[in-house]
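A closer look at the structure
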Amino acid sequence: MVSAVKAVARNKSGVPVGATAALVLADGTIFWGKGIGAAARKTGEVCFNTSLTGYQEILTDPSYAGQIVVFTFPHIGNVGTNPEDIETLVPAARGLVLREDPTEPSNFRATKPLDAWLKAQGLPGIAGVDTRALTRRIRDGGAPNGTIVHAPDGRFDVDALRAEAKAWPGLEGMDLAKEVTARQTYQWTETTWKLGQGYGALAKPKFKVVAIDYGAKRNILRCLATVGCAVTVVPATATAEDVLRHKPDGVFLSNGPGDPAATGEYAVPTIKALLDKRVPMFGICLGHQMMALALGAKTAKLPRGHRGANHPVKDLDTGKVEITSQNHGFAVLPETLPKNARVTHVSLFDGTNEGIAATDRPAFSVQYHPEASPGPQDAHYLFERFVDLIAKEKAR
């Protein structure tokens, strides 16, 4: 068994003195540290995120279901937490790994320190880890399965933890959208946040949009409302008949976690039927992958995924480069796109697909997160593009 720490004093069980948390990978590698957040044990895929801020939004992004997040930025927790910066009520991430201990918050919006918020959310974390070494491991070898445990008493059953990590099936083939989707249909009219004003409310809706929720982030719904869309959110398993019953002017396909091929078993027939009806459609992240599958393309798992707030993406239609926020572990294979679909955006990091558009129907999608949260707002124009597409189709 390999230990990812330098030589330190250990107790009779081999645990470093003072360690109250561990991250045990499926191959037996152990990262010891100080426990933060909830005293709990969780297993999932270990991935890294390079964002410099926005940790509360990241941890509450439903797309992180089944994942333990390694933050490459060392100082996490310094702006605290607040009830406004959440993307869903119940965090889907399974834990977090930090380099430094969270400090006391220093921000006028903070209402609770990160550690207290993690405890309230049932999220375990580990601090004091060499996150550079762990990130290099993920970069070079792919995202491993791991078990994170916060044990205040310092007692660890390492063999059991390793066995649990090894037995976890991994995200490939896993449908997680059903775990994080809305349980029932609801209406959304809240608009984006402004300093000194908070969130607004849609006063004069221009269009009716149905959002299919595969794990939707709240700020995406806010961006839709901000450009004049009265949004009806329906569960991931909604049929085309369920969607059309609301007489939408457009349909939005949300972000979400897991393997798109698994979610596509029930989502693709719905999307195909809506595309055939020429309902204007916009997809983000998992929604992008769902649209691609519905058009006849294929997806594949990336070795390490794209997770951060500084990913350059080129818009092939305009030639402009956007700095984008991303969180995905699967990608659309552009060579599998049918003749009635074209590539619109590409990653300037690795050349992978970042956007497509149908050539014979009013539908487009992007792999990244134009709503940011966290991240830059370079791609906010895509929400305007969606409502322009709706207006154009209504004028036909």
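What counts as what
- Residues numbered from 1 in each chain as written.
- Predicted model: local features only at pLDDT ≥ 70, side-chain atom pairs only at ≥ 80, totals over all residues.
- Heavy atoms only, no water.
- Helix = DSSP H or I, 4+ residues; strand = E, 2+ residues; numbered from the N terminus.
- Buried < 20%, exposed > 50% of the residue type's maximum accessible area, 1.4 Å probe, protein only.
- Contact = heavy atoms within 4.5 Å.
- Areas by Shrake-Rupley, 256 points an atom, 1.4 Å probe, with all protein chains shown as cover.
- Lys, Arg positive; Asp, Glu negative; His and termini not counted.
- Charge placed at Lys NZ, Arg CZ, Asp CG, Glu CD.
- Phe/Tyr/Trp six-rings, centres within 6.5 Å; stacked < 30°, edge-to-face > 60°.
- Pairing = 2+ DSSP bridges.
- Axes fitted to C-alpha atoms, helices over the stretch in contact; angles between N-to-C directions.
- pLDDT = per-residue confidence, 0-100.
- Arc of directions from axis to C-beta.

Turning to the overall build of the protein, a few remarks are in order. Counting its secondary structure elements, the protein contains ten helices and 19 strands. By its C-alpha atoms, the protein is 75 × 45 × 40 Å across when sized along the principal axes. In the protein, buried positions account for 58% of the 396 residues. Within the protein, residue pairs in contact and separated by at least 24 positions form 74% of the contacts whose partners lie at least 6 positions apart. By element, 51% of the accessible surface of the protein is carried by carbon and sulfur atoms, the whole surface being about 16400 Å². One way to put it: in the protein the 45 positive side-chain charges average out to a point 0 Å from where the 40 negative ones average out.

What follows is about the packing of aromatic side chains. If you walk through the whole model with that rule in mind, you get five aromatic pairs. An angle of 45° between the planes, with centres 5.5 Å apart, marks the rings of Phe282 and Phe386 as tilted. With Phe282 in strand 14 (residues 281–284) and Phe386 in helix 10 (residues 381–394), the pair connects residues that are 104 residues apart, well separated along the chain. By the burial criterion, Phe282 is buried, and Phe386 matches it. Chaining the aromatic ring pairs together yields one cluster made of Phe252, Phe282, Phe364, Phe383 and Phe386.

What the ten strands build is an open sheet, ordered 8-12-11-13-14-19-18-17-15-16; its pairing is mixed. Two strands close off the open sheet at either side, each with one partner strand: strand 8 (186–188) and strand 16 (321–333). With strand direction ignored, the average angle separating the axes of adjacent strands in the sheet is 20°. The pairing of strand 11 (residues 207–213) with strand 12 (residues 229–235) spans seven bridges and is classified as parallel. Among the inter-strand pairings, Lys208 is bridged to a residue of strand 12, identified as Ala230.

Judged by how many residues are buried, strand 7 (residues 145–150) sits mostly within the fold: six of six residues are covered. Direction of pairing for strand 1 (residues 21–25) relative to strand 7: antiparallel, over a ladder of five bridges. The residue bridging Ala21 from the neighbouring strand is His150, located in strand 7. For strand 3 (residues 41–49) and strand 7, the ladder comprises five bridges, and the chain directions are antiparallel.

Below, the discussion takes up the confidence of the model for the protein. Per-residue pLDDT for the protein has a mean of 96; in total, 98% of the residues score no lower than 70. Low pLDDT (under 50) marks residues 1–5, which in the prediction has 16 contacts with non-local residues, meaning those over four places away or in another chain.

For helix 4 (residues 158–167), the complete set of buried residues consists of Val158, Leu161 and Ala165. End-on view of helix 4: buried residues confined to an arc of 65°, all on one side of the axis. Exposed residues on helix 4 whose side chains face more than 90 degrees from its buried face are Lys166 and Ala167. Tucked into the core, helix 4 has its buried residues touching strand 1, strand 2 (30–37), strand 3 and strand 7.

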